[in-house]
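Residue-level structure breakdown
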Amino acid sequence: MNAVTDLLREDLQGFAGYSSARSEALDGEIWLNANESAWPNPADGDGTCRRYPDPQPADLRGMLAALYAVQAEQLLIGRGSDEAIDLLVRATCVPGRDGVVVTSPVFGMYAVSARLQGAPLIDVPLLDDPQAGLVPDFEAIGDVAAVRGAKLVFLCSPSNPGGGAIALGDIAALARRLAGRALVVVDEAYAEFGEAPSATTLLDALPNLVVLRTLSKAHALAAARIGVAIADPGLIAALRRCQAPYPVPSPCAALAVAGLSPEARVATAQRVGNVRRERVRLRQSLHALAGVLRVYPSQANFLLVRFRDAEAAFRALLAAGIVVRDQRAARGLGDALRITIGTPEQNDRVLAVLSALEPATARIAAHGRGAA
Ligand SMILES: *Cc1c(COP(=O)(O)O)cnc(C)c1O
């Protein structure tokens, strides 16, 4: 069987990347090899920032490996999962030749990275199932990826903006079908808010699978820019060679380590519990409004909502100082807004604004339904 690293660009096979002063395995007491300042900046409390950071901070890497129940060698830390997306496209796709499959409507960074690399974008739109919501068309993805020579397939689970999670069996079947031909990337930015097990549980059996996780959403550390790719150790080592020399700023690594302490993880679990509770309440309340056509089932920290008059809803919310994500330019979502789950008070304000838009008769009907 071939190694999964055969899926890397041929011209990058054997590429060693930048050799930084930090990467030379030398030992000493007086470090004069990296042109760092010998004196700290007064703003740098403990003086650690005068040195270049560990490219993959060992303590953080260990904590993330434990958090996601994988080995440290399976994990690459980057500047958010956005960087992992970009690295995957750059490391695997020869411009003008190797395609990237996306399933619209979906998170826009896959297409942005493909465009920047000059990789053909292949869209296999999600199917809109009356019960399940927006779901991938796995038959079509497998066919199109094979015919058009795709190197990467991006799946998002739970999906943004659809909110639905993908069954692991479907992911595994697709990865098997594309073995030796393409990497299947499962972006799990919202996994903590759902109930489904992570696709990391499939990694041992499926070397062409990559899972993306982030501290930006459930862990409430978006500004720290810490995300990871989890995959075959050989593939991770190759991606690292394509990455910037010092991708993880030490203040960010320190914040992430503190943010993953046992106490912090208890707080994270509580926040996730709040989101799940509010998601149920907001979905039911929105559903009861006459101006709401559909609220998609969500395993994430947002709801995708179709409106009778999305323009009026968007404007009324904005006039009340509430900014939601306009999805009307996204494929098939001409009447949809994406609303992030806020605090109970914020969600009440959203509901108050949208209720006030309702014609009086509909309000009475909605109220009657809610009380029943
Ligand atoms: C928010 C989001 C990300 C970005 O994560 P970062 O780690 O902050 O870069 C990745 N994927 C999806 C689907 C997202 O919605």
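Residues numbered from 1 in each chain as written. Predicted model: local features only at pLDDT ≥ 70, side-chain atom pairs only at ≥ 80, totals over all residues. Heavy atoms only, no water.

Considering the UniProt feature "modified residue: N6-(pyridoxal phosphate)lysine" (unreviewed entry) in the protein chain
The UniProt record annotates "modified residue: N6-(pyridoxal phosphate)lysine" (unreviewed entry) at Lys 217. Counting through the fold element by element, Lys 217 comes out in the loop between strand 8 (209-214) and strand 9 (226-230). For Lys 217, a relative accessible area of 31% puts it in the partly exposed group. Sequence-distant contacts of Lys 217, defined by excluding residues within four places in its chain, comprise Ala 189, Tyr 190 and Phe 193. A distance of 3.1 Å separates the side chain of Lys 217 from the side chain of Tyr 190, its partner in a polar contact. (UniProt positions renumbered as here; feature names shortened; annotations may be inferred. Helix = DSSP H or I, 4+ residues; strand = E, 2+ residues; numbered from the N terminus. Buried < 20%, exposed > 50% of the residue type's maximum accessible area, 1.4 Å probe, protein only. Contact = heavy atoms within 4.5 Å. Polar contact = N/O pair within 3.5 Å; in protein donor to acceptor, adjacent residues only side chain to side chain.)

Side note on empty space enclosed by the protein
Where empty space is left in the structure can be found by rolling a water-sized probe over the atoms. Scanning the entire structure with this criterion turns up 1 cavity of 30 Å³ or more. Within this model, the largest cavity holds a volume of roughly 90 Å³. Looking at the largest cavity, it is lined by 15 residues, and the ones nearest its centre are Ser 157, Pro 158, Glu 188, Ala 196 and Pro 197. (1 Å grid on protein atoms, 1.4 Å probe; cavity = no way out; pocket = protein on both sides within 12 Å on 5 of 7 lines; lining within 4 Å. Points joined across faces, edges and corners; volume = space filled by probe spheres on them.)

Some words on the site of the ligand
Contacts to the ligand come from 14 residues, most closely from Asp 187, Tyr 190, Thr 214, Ser 216 and Lys 217. In this structure, Ser 81 approaches the ligand through a main-chain N or O atom, which is 2.6 Å from an oxygen atom. Within the contact set of the ligand, an oxygen atom lies 2.6 Å away from a side-chain nitrogen or oxygen of Ser 216. Surface burial for the ligand is 93%, taken as the share of its 390 Å² of free accessible area covered by protein chains. Classifying every residue of the shell around the ligand by side-chain character gives 5 nonpolar, 5 polar and 4 charged. (Near = heavy atom within 4 Å. Areas by Shrake-Rupley, 256 points an atom, 1.4 Å probe, with all protein chains shown as cover. Nonpolar A, V, L, I, M, F, W, Y, C, P; charged D, E, K, R; others polar.)

Quick word on the packing of helix 4 (residues 138-147) against helix 5 (residues 168-177)
For the pair helix 4 and helix 5, interaxial distance at closest approach is 10 Å and the crossing angle is 15°. For the element pair helix 4 / helix 5, the angle class is roughly parallel. Note on packing geometry: the crossing formed by helix 4 with helix 5 is right-handed. In this structure, helix 4 contributes Phe 138, Glu 139, Ile 141, Gly 142 and Asp 143 to the contact, and helix 5 contributes Asp 170, Leu 174 and Arg 177. Residues that form the contact of helix 4 with helix 5 fall into these classes: 3 nonpolar, 1 polar and 4 charged. (Axes fitted to C-alpha atoms, helices over the stretch in contact; angles between N-to-C directions. Parallel < 35°, antiparallel > 145°, perpendicular 65-115°, else oblique. Left-handed = near helix turned anticlockwise from the far one by under 90°.)

So, the confidence of the model for the protein chain
Looking at the protein chain as a whole, the pLDDT averages 94, with 96% of positions reaching at least 70. Predicted confidence is poor over residues 368-372, with pLDDT under 50, and the contacts of this stretch with residues over four places away or in other chains come to 2 contacts. (pLDDT = per-residue confidence, 0-100.)

Remarks on the nonpolar core
With 44 residues, the main nonpolar core has Leu 64, Tyr 68, Leu 75, Leu 155, Leu 209, Leu 215 and Ile 226 as its most contacted residues. When sequence neighbours within four positions are dropped, the list of residues in contact with Leu 215 reads Leu 64, Leu 67, Tyr 68, Ala 220, Leu 221, Ala 222, Ile 226, Ala 256 and Leu 260. (Core = buried A, V, L, I, M, F, W, Y, C linked by side-chain atoms within 4.5 Å.)

Let's talk about the domain arrangement of the protein chain
Splitting the protein chain by domain gives domain 1 (4-260) and domain 2 (268-371). Taken together, the contact pairs 28 residues of domain 1 with 21 residues of domain 2. Summed over the shared surface of domain 1 and domain 2, the number is 4 salt bridges. Close ionic contact of Asp 123 with Arg 331 constitutes a salt bridge, the shortest N to O distance being 3.4 Å. Between the two partners, domain 1 and domain 2, sit 15 residue pairs in polar contact (both at pLDDT 80 or more). (Domains from an automatic or database assignment. Salt bridge = Lys/Arg side-chain N within 4 Å of Asp/Glu carboxyl O.)

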